Amino acid sequence: MSTTAPPSTHPHAPTGPDGRPRPGSDTHPRRRAADRAGDEAAAGPRPMRRADDVVVTRHTVSLVVPARNEARNIPWVFEQIPRCVDEVILVDGSSSDATVPMARHCLPAVRSVAQSGPGKGNALRTGFAAATGEYIVMMDADGSMWPGEIPHFLHFLDHGYDFVKGSRCIGGGGSLDLTRIRSLGNRALLAVANRLYDARLTDLCYGYCAFRRSFLDALDLRSAGFEIEAEMTAHALRSGLRIAEVPSLELPRRSGRSHLHAVADGRRVLRTLITERPGARTPAVAPRERPAAPAEER
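Residues numbered from 1 in each chain as written. Predicted model: local features only at pLDDT ≥ 70, side-chain atom pairs only at ≥ 80, totals over all residues. Heavy atoms only, no water.

## Let's talk about the overall build of the protein chain
For step 1, the next point in the chain: Assigned secondary structure in the protein chain consists of 9 helices and 9 strands.
For step 2, the next point in the chain: Buried residues in the protein chain amount to 41% of all 298 residues.
For step 3, the next point in the chain: Carbon and sulfur atoms make up 53% of the accessible area of the protein chain, which amounts to about 17,400 Å² in all. (Helix = DSSP H or I, 4+ residues; strand = E, 2+ residues; numbered from the N terminus. Buried < 20%, exposed > 50% of the residue type's maximum accessible area, 1.4 Å probe, protein only. Areas by Shrake-Rupley, 256 points an atom, 1.4 Å probe, with all protein chains shown as cover.)

## So, the confidence of the model for the protein chain
For step 1, the next point in the chain: The predicted model of the protein chain has a mean per-residue pLDDT of 82, with 73% of residues at 70 or higher.
For step 2, the next point in the chain: Note on residues 34–42: pLDDT under 50 across the span, and 3 contacts to partners over four residues away in sequence or across chains.
For step 3, the next point in the chain: Here residues 283–298 scores under 50 on pLDDT; set against residues more than four positions off or in separate chains, the count is 28 contacts. (pLDDT = per-residue confidence, 0-100. Contact = heavy atoms within 4.5 Å.)

## Brief notes about the pairing of strand β7 (residues 209–212)
For step 1, the next point in the chain: The alternating pattern of β7 places C209 and F211 and A210 and R212 on opposite faces, both of which are buried.
For step 2, the next point in the chain: Judged from the 4 bridges that link them, strand β4 (residues 135–138) and β7 form a sheet pairing that is antiparallel. Bridging across to β7, I136 finds its partner in F211.
For step 3, the next point in the chain: Across 3 bridges, strand β5 (residues 163–167) lies against β7 in antiparallel orientation. Bridge pairing in β7 places V164 opposite A210. (Pairing = 2+ DSSP bridges.)

## Observations concerning the packing of aromatic side chains
For step 1, the next point in the chain: If you walk through the whole model with that rule in mind, you get 5 aromatic pairs.
For step 2, the next point in the chain: Taken together, the ring pairs in this structure connect F128, F163 and F211 into an aromatic cluster. (Phe/Tyr/Trp six-rings, centres within 6.5 Å; stacked < 30°, edge-to-face > 60°.)

## Quick notes on the nonpolar core
Within soluble globular proteins, side chains that are nonpolar tend to cluster in buried spots.
For step 1, the next point in the chain: Residues L63, F78, L90, V137, M139, I150 and Y208 are the most contacted members of the largest nonpolar core, which totals 31 residues.
For step 2, the next point in the chain: Breaking this core down by element, the ones donating at least two residues are β1 (61–67), α2 (74–79), β2 (87–92), α3 (99–106), β4, α5 (150–158) and β8 (243–247).
For step 3, the next point in the chain: When neighbours within four sequence positions are excluded, L63 is seen to be in contact with I81, V85, E87, V88, I89, V137, M139 and I150.
For step 4, the next point in the chain: Grouped together as the second largest cluster of nonpolar side chains are 21 residues, L124, L219, I228 and M232 included. (Core = buried A, V, L, I, M, F, W, Y, C linked by side-chain atoms within 4.5 Å.)

Rendered as structure tokens:
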């Protein structure tokens with residue numbers, strides 16, 4: 001049975017010969033200029049806002065980018081950073097090329113800090129300690145992650161999630177750079193993580209993440225190498241943080257060679273997952289290294 005809307009009964013609606021409204025005509029009642037003034041008068045005087053009242057429209061965002069000899073990739077990455085990012089922190093790992101000068105050329109407001117020790121984990125922890133935003137986003141400097149996806153991560157943080165990670169394995173995500181051995185390793189480590197932490201994640205070894213800075217202590221980061229990405233996820237799960245995954249497309253590194261060693265780093269990730277699992281005895285590790293106060297680059 002089909003139904004048709006009844007013709008408008010508004011007295012001022014333009015109509016055709018058959019009495020129906022003419023196509024494209026506005027059949028809704030028009031508001032008179034005096035209506036708004038009358039409504040405001042009836043509502044009474046509005047309370048005045050105090051000078052010290054602050055309306056928070058959005059959260060501040062810090063983007064942490066660890067880099068070592070990425071001068072050829074920095075221009076593409078930095079020109080893609082969306083305007084919702086308030087602060088960009090480049091953590092330099094003793095680059096021998098023009099990584100830092102190039103970053104300053106592309107983005108004069110960039111904050112360049114030197115990492116306090118070797119390894120990606122140390123670089124990220126140094127950057128997190130230097131970040132001042134309420135939200136922290138981490139991504140690589142090699143061009144494999146598109147900064148244009150950052151608003152998707154922030155959307156979930158704005159809607160109650162505490163830790164948001166990119167996934168190459170859900171609808172809308174993918175990888176143009178994942179080799180067969182890396183894919184097999186990621187799937188095996190993901191299965192271990194889901195089993196040990198009673199989770200349903202779709203991707204593990206992918207370092208495009210965002211989180212609330214207020215939960216930095218809960219993440220309790222200690223790792224020095226690439227395993228820090230798995231450690232972050234493991235500690236977020238163990239701490240009961242609200243985790244979301246968003247689709248992300250991994251692009252090929254734009255130039256240069258990756259610093260990742262699939263087999264060696266995979267073993268370290270596996271060891272991290274096992275030692276940090278819920279209920280495991282706290283591993284005998286050295287006290288967490290305190291990142292040195294981020295000194296501005298030369």
